Amino acid sequence: MEKLVIEGGKPLSGTIRIHGAKNAALPILAASIMAEGTHVLENIPDLLDIHVMLDILRALGCKAELRGDKVTLNTSPIYSSHIPQELMKQMRSSVFLMGPLLARFGTVQIYQPGGCAIGERKINLHLQGLQALGAVVEEKGNTILCRTERLKGADIVLDFPSVGATENIMMAAVMAEGTTRIFNAAREPEIVDLQNYLIAMGAKMIGAGTDTITIEGVSKLQPVSYKVISDRIVTGTLMCAAAATRGSVTLENANPAHLTSVIHVLKRAGVQVVSQGDVIQVTCPARPKAVERVVTSPHPGFPTDLQPQMMVLLALADGISIIKETIFDGRFKHVEELSRMGADIHVDLSSAFIRGVPRLYGATVESTDLRAGAALVIAGLAARGTTVVEEVHHIDRGYDRIEVMLGKLGANISRCPSLSRKTLLS
Ligand code: EPU
């Protein structure tokens, strides 16, 4: 187990290039299964979750290699549609493989991914969507088996614009017979990227980025080369880090259009954000101001994946801010850790009441999940003294060597092996 050691109090400064988007790359890697042959995917980040997805693809028979930011996949040898339980347990996103495997083999076996640190994460909408397309779903214990003779297009109304369910249904529908319309679809930029990849492979579809996606099934897809979009959550994390340390940072290979709601909140907090093309410049010359209310919601609303990071900025702001989390029911685990660093935050059900303090103080804190971990790193960068962030493996799921990234911006941060608390006590 590794930990990050941060000497805080230094404003971030400099320029950095944003890596590719994990949440776009994962469904795109899954979708590649549907076209036999060699795919080349670029701007793929070197992250733990990406490695797990590549291991799953290999377990199904695919040849997969990651070199730099490029993945080469030969999907022709894939023979299995059974995702091994051990790999399924490591990453919920393995559910993305249901749609593509059903489309290619007419059968798929997975295991219930269960809940996780940020709350209950059901897959009922994924299963309902696949059933509407003609799949028969059998659940035995925690095993889920889906089968179909032939997927058939249908009208599907999602009760909630789930990102994963929208993606799974899009992938299954691409090779179904006839027309599928997904109503109340998720509108995240990663959905648009998936549509662009599917269209490049020969799919006929329109509407991603709006709440209705229409797909006309085709009988065959072709392998292609494709470049994945940049990571808006990494971009937003670095924007919050620049602001919390009262620094000045330039982010390249970013997409400001993907972060409109985040830029809006930063500006309300008094942070200067200037963007031109794919470059965003963030400067925070003075103590940030409180923001009365930030509510997480599906895109284009404020992203839940940036809620913990924004909370750190508001914990240092002048005044009282409120953050309401509406997407996940357990996404305030960072609050307890931030309190140990001197933050004044009170949680009542799904709302966090944040009374800004002039400064945070270094402490040993535990990263409980990916974005909570990123928030603790930001808190450590802004705090006076030394912060130790434990359980770094959570952060490695979504940030490519965060200590190197932040080191380039002048942060004093290093990664060290960590002894577990149990070992220390024995
Ligand atoms: N939900 C259901 N039933 C379903 C699916 C979802 O009730 O069948 C509920 C979930 O329990 C949750 C809400 O709907 O309360 C949102 O879930 P959604 O399906 O939209 O999320 P996801 O597809 O599981 C993706 C991202 C998450 C991000 C969410 C929300 C990927 C790989 N993951 O998850 O990213 O938080 O959308 O934007 O795309 C992260 O990167 O840290 C991360 C957690």
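Residues numbered from 1 in each chain as written. Predicted model: local features only at pLDDT ≥ 70, side-chain atom pairs only at ≥ 80, totals over all residues. Heavy atoms only, no water.

Details of the overall build of the protein
For step 1, the next point in the chain: Within the protein, the regular secondary structure consists of 15 helices and 23 strands.
For step 2, the next point in the chain: Computed over the C-alpha atoms, the radius of gyration of the protein is 22 Å, within 12% of the 22 Å expected from 2.2 N^0.38 for a compact globule of 426 residues.
For step 3, the next point in the chain: When each of the 426 residues of the protein is scored for burial, the buried share is 58%.
For step 4, the next point in the chain: Taking the intrachain contacts of the protein between residues at least 6 apart in sequence as the baseline, contacts between residues at least 24 apart amount to 74%.
For step 5, the next point in the chain: Taken as two groups, the 43 positive and 42 negative side-chain charges of the protein have centres that lie 2 Å from each other. (Helix = DSSP H or I, 4+ residues; strand = E, 2+ residues; numbered from the N terminus. Rg over C-alpha atoms; globule rule 2.2 N^0.38 Å. Buried < 20%, exposed > 50% of the residue type's maximum accessible area, 1.4 Å probe, protein only. Contact = heavy atoms within 4.5 Å. Lys, Arg positive; Asp, Glu negative; His and termini not counted. Charge placed at Lys NZ, Arg CZ, Asp CG, Glu CD.)

Observations regarding the sheet that holds strand E2 (residues 13-17)
Sheet strands associate in pairs through backbone hydrogen bonding, adopting either a parallel or an antiparallel arrangement.
For step 1, the next point in the chain: The strand order across the open sheet formed by four strands is E2-E14-E16-E15, and the pairing between neighbours is mixed. Each end of this open sheet is capped by a strand with a single partner; those strands are E2 and strand E15 (272-276). Each neighbouring strand pair of the sheet contributes to a mean axis angle of 15 degrees, computed without reference to strand direction.
For step 2, the next point in the chain: Taken together, the five bridges between E2 and strand E14 (residues 248-252) define a ladder with parallel strand orientation. Across the sheet, Thr-15 pairs through a bridge with Thr-250, a residue of E14. (Pairing = 2+ DSSP bridges. Axes fitted to C-alpha atoms, helices over the stretch in contact; angles between N-to-C directions.)

Digging into the pairing of E14
For step 1, the next point in the chain: Looking at chain direction, E14 and strand E16 (residues 279-283) are connected through four bridges and run antiparallel. If you follow Leu-251 over to E16, its bridge partner there is Ile-280.

Some remarks on the sheet that holds strand E3 (residues 38-42)
For step 1, the next point in the chain: Pairing is mixed across the open sheet formed by four strands, whose spatial order is E4-E5-E3-E13. In this open sheet, the two edge strands, each paired with only one partner strand, are strand E4 (63-67) and strand E13 (225-227). Looking at each pair of strands side by side, their axes are set apart by 15 degrees on average, direction ignored.
For step 2, the next point in the chain: Judged from the four bridges that link them, E3 and strand E5 (residues 70-74) form a sheet pairing that is antiparallel. Bridging from a neighbouring strand, Val-40 pairs with Thr-72 of E5.
For step 3, the next point in the chain: Of the strands in this sheet, E3 and E13 are in contact with helix H7 (residues 189-200), which crosses E13 at around 160 degrees.

Notes on helix H12 (residues 370-382)
For step 1, the next point in the chain: For H12, with 13 residues, the first-to-last C-alpha span of 19 Å sits near the 18 Å given by 1.5 Å per residue.
For step 2, the next point in the chain: Summarising burial for H12: 13 of the 13 residues are buried, a large majority.
For step 3, the next point in the chain: Where H12 begins, the capping side chain belongs to Asp-369, and its oxygen is found 3.2 Å from the backbone nitrogen of Arg-371. (Expected span 1.5 Å × (residues − 1). Polar contact = N/O pair within 3.5 Å; in protein donor to acceptor, adjacent residues only side chain to side chain.)

Thoughts on the state of the cysteines
For step 1, the next point in the chain: Here the structure, examined in full by the defined rule, presents zero disulfides.
For step 2, the next point in the chain: With no disulfide of its own, Cys-284 lies 11 Å from the sulfur of Cys-240, the closest cysteine sulfur.
For step 3, the next point in the chain: Overall, the relative accessible area of 1% leaves Cys-284 in the buried class. (Disulfide = S-S within 2.5 Å.)

Observations regarding the site of the ligand
For step 1, the next point in the chain: Near the ligand you find 23 residues, and of these Asn-124, Leu-125, Ser-162, Asp-305 and Ile-327 are the closest.
For step 2, the next point in the chain: Contacts to the ligand include Ser-162, whose side-chain N or O atom sits 2.6 Å from an oxygen atom.
For step 3, the next point in the chain: At a separation of 3.4 Å, an oxygen atom of the ligand approaches a polar side-chain atom of Arg-331.
For step 4, the next point in the chain: Across the complex, the protein chains shield 87% of the 820 Å² of accessible surface that the ligand would expose by itself.
For step 5, the next point in the chain: Of all the secondary-structure elements, those providing two or more residues to the shell around the ligand are helix H1 (22-31), helix H5 (124-132), helix H6 (163-174) and H12. (Near = heavy atom within 4 Å. Areas by Shrake-Rupley, 256 points an atom, 1.4 Å probe, with all protein chains shown as cover.)

Structural notes on the pattern of salt bridges
Note on pairing: side chains with opposite charge can pair once their charged atoms come close.
For step 1, the next point in the chain: Under the defined criterion, the tally for this structure stands at 19 salt bridges.
For step 2, the next point in the chain: Residue Asp-49 pairs with Lys-22 through a salt bridge whose shortest N-O separation is 3.9 Å. Linking Asp-49 in helix H2 (residues 48-59) with Lys-22 in helix H1, this pair joins segments that are 27 residues apart in sequence.
For step 3, the next point in the chain: Note that Arg-232 and Glu-190 form a salt bridge whose closest N and O atoms lie 2.8 Å from each other. Residue Arg-232 is found in helix H8 (residues 232-244), and its partner Glu-190 is found in helix H7; the two are separated by 42 residues along the sequence. With respect to class, Arg-232 is no different from Glu-190; both count as buried. (Salt bridge = Lys/Arg side-chain N within 4 Å of Asp/Glu carboxyl O.)

What about the domain arrangement of the protein?
For step 1, the next point in the chain: Annotation of the protein at the domain level lists domain 1 (3-19 + 230-425) and domain 2 (22-215).
For step 2, the next point in the chain: Together, His-299, Phe-328 and Arg-397 form the three largest contributors to the area buried by domain 1 at its contact with domain 2, with a combined 30%.
For step 3, the next point in the chain: Between the two partners, domain 1 and domain 2, sit two salt bridges.
For step 4, the next point in the chain: At the boundary of domain 1 and domain 2, one finds eight residue pairs in polar contact (both at pLDDT 80 or more).
For step 5, the next point in the chain: Listed by contribution, the elements that provide at least two residues to the side of domain 1 that touches domain 2 are H12 and helix H13 (393-396). (Domains from an automatic or database assignment. Buried area = accessible area lost by both parts, 1.4 Å probe.)

Topic: the environment of Gly-217
For step 1, the next point in the chain: Along the chain, the position of Gly-217 falls in the loop between strand E12 (212-216) and E13.
For step 2, the next point in the chain: In this structure Gly-217 comes out as partly exposed when scored by relative accessible area, which is 25%.
For step 3, the next point in the chain: Taking the C-alpha atoms as reference points, Gly-217 and Gly-153, separated by 64 residues in sequence, lie 7.3 Å from one another.
For step 4, the next point in the chain: Setting aside residues no more than four positions away along its own chain, Gly-217 makes contact with Ala-173, Val-174, Ala-176 and Gly-178.

Focus on the side chain of Ser-261
For step 1, the next point in the chain: Topologically, Ser-261 is positioned in helix H9 (residues 260-268).
For step 2, the next point in the chain: Taking relative accessible area as the criterion, Ser-261 reaches 18% and is therefore assigned buried.
For step 3, the next point in the chain: There is a polar contact of 3.2 Å between the side chain of Ser-261 and the backbone oxygen of Gly-301.
For step 4, the next point in the chain: The contact partners of Ser-261, leaving out residues within four places of it in the chain, are Pro-300, Gly-301, Phe-302 and Pro-303.

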